[in-house]
Amino acid sequence: MLIQFVKMIQFSRLVKAEGRLWEFNFRKVKSPGDDLLNVNVCDERGNRIFFSMEKKETDWRIAPGEVPRWIIQNENHLNEAVADELRNW
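Residues numbered from 1 in each chain as written. Predicted model: local features only at pLDDT ≥ 70, side-chain atom pairs only at ≥ 80, totals over all residues. Heavy atoms only, no water.

Engineer: Before we move on, could you go through the sheet that holds strand β5 (residues 59–62) and cite the residues and values that matter?
Structural biologist: The strand order across the open sheet built from five strands is β1-β2-β3-β4-β5, with neighbouring strands paired in antiparallel fashion. Unpaired on one side and paired on the other, β1 (10–17) and β5 mark the two borders of the sheet. Going across the sheet, the axis of each strand differs from the next one's by a mean of 30°, ignoring polarity. Of the pairings in the sheet, the one linking strand β3 (residues 36–42) to strand β4 (residues 48–56) comprises seven bridges and is antiparallel in character. Bridge pairing in β4 links Val39 to Phe51. Where helix α2 (residues 75–87) meets the sheet, it contacts β1, β2 (20–28), β3, β4 and β5, and its direction lies at approximately 135° from that of β5. (Pairing = 2+ DSSP bridges. Helix = DSSP H or I, 4+ residues; strand = E, 2+ residues; numbered from the N terminus. Axes fitted to C-alpha atoms, helices over the stretch in contact; angles between N-to-C directions. Contact = heavy atoms within 4.5 Å.)

The values are spatial; any link to function lies outside them.
In structure tokens form, the structure reads like this:
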């Protein structure tokens, strides 16, 4: 019997966008071979925004879907935050 262990990775990062800091919460999907992150952040009204990021070649990119413009405009900052954190794993 083959048992495969996949480590759960979850972290939060502060990212500056639109002149303020936003706390983004990341959780790596527990599936071997898949490079997918579930991400959530609160907007200015306290509503939680959920979206995914996929690894495309060497960068993490926001998956297609309805995501506010201010998040899409800061995709490179999110990519840097994810790459920095996952480098330690």
